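# A look at the structure
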Amino acid sequence: MKQEDRETVAPSNCDTCGDKSCSASQRKEDESAEEFEDRKKLQSRLCRIRHKVVVLSGKGGVGKSTVAVNLAAALTLAGKRVGLLDVDIHGPSVPTMLGLERVELQGCGDGLLPIETGGMKVMSLGFLLKNPDDAVIWRGPLKMGVIKQFLKDVVWGDLDFLIIDSPPGTGDEPLSVCQLIGTLDGAVVVTTPQKVAAVDVRKSITFCRQLHVPVIGVVENMSGFVCPNCGEVTLILRAGGGKEIAEDMGVPFLGSIPMDPMIADACDTGRMFIDDDAAAPSAKIMHGIAGSVAALEEKDTVRETA
Ligand SMILES: Nc1ncnc2c1ncn2[C@@H]1O[C@H](COP(=O)(O)OP(=O)(O)O)[C@@H](O)[C@H]1O
Ligand code: SF4
Ligand SMILES: [Mg+2]
């Protein structure tokens, strides 16, 4: 069934949808009735989202959330219906980056309603954690259970893009997120320029390949420092590592974002950098990266007219 048809029919219930080609229309042999109900609930939410894009990084602190937030904001500014899902159980930083630390989530009977801000819908595990340190002490299976429940409960409605800020690394947590989401349209891998980060990028790309998630490309963040006075970029770390590794692994390179005090300030004060500081060169670079993600829609057009 085409996405447009799904949207006009707006099925939120697999039992009345009638799409027999969908894997949610039938219970799997090894699945309990409860597991099947859970899967239908999750899939019936996700089938109303045209493109699901995960933002990955080999380790924390490289700017994954910064890229995810600005990517979602850029797509929103381009007129797309966008959701931003922060499922980084170790450091859900999206609420701080968007100035949403004190929001109270509302339920609607059918699940949890995302927070609407700047034209996009936002949901973060951080909204559920009373104490940000809580998640750190959760044991493996509990973490997975929380992630699963969370994905199942969020009422997104119809979206063009869902940008997912995943837990860092290539371990069980990002793996669970990718497996639960099911069909991901692509991954953006964020890294820093140092040579030591190359190992992590390789792992992230291999991770995507094993899960059959197309790599949209690699972003090199914190590449040089933008002087707040004159705007000149000084290379502190050796730049170009992201580009080299992308070429070596045969995936696109999406761009280098310099270390820019305006980005750090926007993140700390809950402002959308790409909107508030739209004229900054770093904002233009981020728009370019978002353009590569938006290009997923062109692939749809080619598929539909073929
Ligand atoms: N290009 C950049 N210039 C300046 N500060 C940045 C840049 N990218 C990220 N930061 C800052 O670095 C910190 C870590 O970024 P974050 O996106 O939270 O990383 P991650 O999600 O990978 O852990 C944040 O405080 C953020 O504001
Ligand atoms: S997941 Fe969506 S397309 Fe599939 S059966 Fe359920 S409602 Fe229909
Ligand atoms: Mg983060």
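Residues numbered from 1 in each chain as written. Chains lettered and ligands numbered in written order. Predicted model: local features only at pLDDT ≥ 70, side-chain atom pairs only at ≥ 80, totals over all residues. Heavy atoms only, no water.

### A closer look at the pattern of salt bridges
We apply this condition: Counted as salt bridges are all cases of a side-chain nitrogen of Lys or Arg within 4 Å of a carboxyl oxygen of Asp or Glu. Helix and strand assignments come from DSSP, with helices taken as H or I runs of at least 4 residues and strands as E runs of at least 2, each series counted from the N terminus. Partly exposed residues are those whose accessible area sits between 20% and 50% of the maximum for their type, while under 20% is buried and over 50% is exposed, using a 1.4 Å probe and protein chains only.
For the coordinates displayed, the defined rule picks out 18 salt bridges. Notably, a salt bridge pairs aspartate 160 with arginine 50, separated by 3.7 Å at the nearest N-O pair. Taken together, the residues span a long stretch of sequence, with aspartate 160 in strand β7 (residues 159-165) and arginine 50 in strand β1 (residues 49-57) at a distance of 110 residues. The exposure class assigned to aspartate 160 is buried, which follows from its relative accessible area of 9%. In this structure arginine 50 comes out as partly exposed when scored by relative accessible area, which is 22%. For aspartate 248, the salt bridge is made with arginine 202, and the minimal N-O distance between the two is 2.5 Å.

### With respect to the site of ligand 1
How we decide: Neighbouring residues are identified by heavy atoms, a residue being near a molecule or strand if any of them is within 4 Å of it. We define a polar contact as two N or O atoms separated by no more than 3.5 Å, with the added condition that, inside protein, one atom must be a possible hydrogen donor and the other a possible acceptor, whereas residues neighbouring each other in sequence contribute only through side-chain atom pairs. Note on areas: these come from Shrake-Rupley sampling with a 1.4 Å probe, and a residue is covered only by the protein chains present in the view. Residue type decides the class: Asp, Glu, Lys and Arg count as charged, Ala, Val, Leu, Ile, Met, Phe, Trp, Tyr, Cys and Pro as nonpolar, and the leftover types, Gly among them, as polar.
The immediate surroundings of ligand 1 are formed by 17 residues, with Gly61, Lys64, Ser65, Thr66 and Asp260 found nearest. A distance of 2.8 Å is found between an oxygen atom of ligand 1 and a side-chain nitrogen or oxygen belonging to serine 65. Relative to its unbound accessible area of 560 Å², ligand 1 is 82% covered by the protein chains. At the level of elements, α4 (64-77), β9 (215-226), β11 (253-259) and α10 (261-268) are the ones that each hand at least two residues to the shell around ligand 1. Looking at the shell around ligand 1 residue by residue, the class counts come to nine nonpolar, six polar and two charged.

### Thoughts on the packing of helix α6 (residues 140-153) against helix α7 (residues 172-181)
Short version of the rule: Orientation is described by axes fitted as lines to C-alpha atoms, over the contacting stretch for helices, and by angles from 0 to 180 degrees between their N-to-C directions. If an angle is under 35 degrees, it is roughly parallel; if it is over 145, roughly antiparallel; if it lies from 65 to 115, roughly perpendicular; otherwise it is oblique. By convention, the crossing between two helices is left-handed when the near helix turns anticlockwise from the far helix through less than a right angle, and right-handed when the turn is clockwise. Contacts: residue pairs with any heavy atoms within 4.5 Å of one another.
Where α6 contacts α7, the two axes come as close as 10 Å, and the packing angle between them is 30°. Taken as axis vectors, α6 and α7 run roughly parallel relative to one another. Read as a crossing pair, α6 and α7 show a hand that is right-handed. When α6 is examined against α7, the residues Lys143, Met144, Ile147, Lys148 and Leu151 are found in contact with a partner set consisting of Asp172, Glu173, Ser176, Val177, Leu180 and Ile181.

### A word on the nonpolar core
Quick note on the threshold: Take the buried residues of types Ala, Val, Leu, Ile, Met, Phe, Trp, Tyr and Cys, join any two whose side-chain atoms come within 4.5 Å, and each joined set is a nonpolar core.
The biggest cluster of nonpolar side chains holds 79 residues, and the ones touching the most others in it are Leu84, Leu85, Leu98, Ile163, Ile164, Val188 and Val293. In terms of residue count, α4 provides more of this core than any other element does, eight residues in total. Contact partners of valine 293, with chain neighbours within four places excluded, come to Val53, Leu71, Leu75, Phe161, Val188 and Ile216.

### Observations regarding the pairing of β7
Our working rule: A pair of strands counts as paired when DSSP detects no fewer than two bridges linking them.
The buried fraction of β7 is high, at seven of seven residues. By the bridge criterion, six bridges tie β1 to β7 in an arrangement that is parallel. By the bridge assignment for β7, lysine 52 is matched with leucine 162. As judged from the five bridges shared by strand β2 (residues 82-86) and β7, these two strands associate in the parallel manner. Bridge assignment links glycine 83 to a residue of β7, and that residue is leucine 162.

### Looking at helix α9 (residues 241-249)
Threshold: The arc refers to the directions leading from the helix axis to the C-beta atoms.
Taken together, the buried positions of α9 are Gly241, Gly242, Ile245, Ala246 and Met249. Summarising the axial view, the buried residues of α9 lie within an arc of 130°, below the 170-degree limit, and thus occupy one face. Across from the buried face of α9, at angles greater than 90 degrees, the exposed residues are Glu247 and Asp248. Those residues of α9 that are buried lie in contact with β8 (186-191), α8 (197-210), β9 and β11. Trailing α9 by a residue or two, glycine 250 shows a phi angle of about 70°, which is positive.

### Points about helix α3 (residues 33-46)
Here is the rule: Given the number of residues in a helix, its expected span is that number minus one, multiplied by 1.5 Å.
Helix length check: α3, at 14 residues, gives a terminal C-alpha distance of 20 Å against a target of 20 Å (1.5 Å per residue), a fit within 8%. Those residues of α3 that fall on the buried side of the exposure criterion are Phe36, Arg39, Lys40, Leu42, Ser44, Arg45 and Leu46.

### Structural notes on the side chain of aspartate 88
Mapped onto the elements of the fold, aspartate 88 is located in the loop between β2 and α5 (94-97). Contact partners of aspartate 88, with chain neighbours within four places excluded, come to Lys64, Leu125, Asp165, Ser166, Pro167 and Pro168.

### With respect to unusual backbone geometry
Even without glycine at this site, histidine 212 takes up a positive phi of about 60°. With respect to the element layout, histidine 212 can be found in the loop between α8 and β9. For histidine 212, a relative accessible area of 70% gives the class exposed. Its identity is not glycine, yet methionine 222 carries a phi of approximately 60°, on the positive side. Positionally, methionine 222 belongs in strand β9. What makes methionine 222 partly exposed here is its relative accessible area of 23%.

### Notes on a negative patch on the surface
Selection criterion: The residues that make up patches have over 30% relative accessible area and no salt bridge, and they are joined within 9 Å when like-charged or within 5 Å when they are Val, Leu, Ile, Met, Phe, Trp or Tyr. Positive charges come from Lys and Arg, negative ones from Asp and Glu, while His and the chain ends are left out of the count. Think of each charge as sitting on NZ of Lys, CZ of Arg, CG of Asp or CD of Glu.
A cluster of like negative charges, contributed by Glu29, Asp30, Glu34 and Glu35, occupies part of the molecular surface. With respect to the element layout, glutamate 34 can be found in helix α3.

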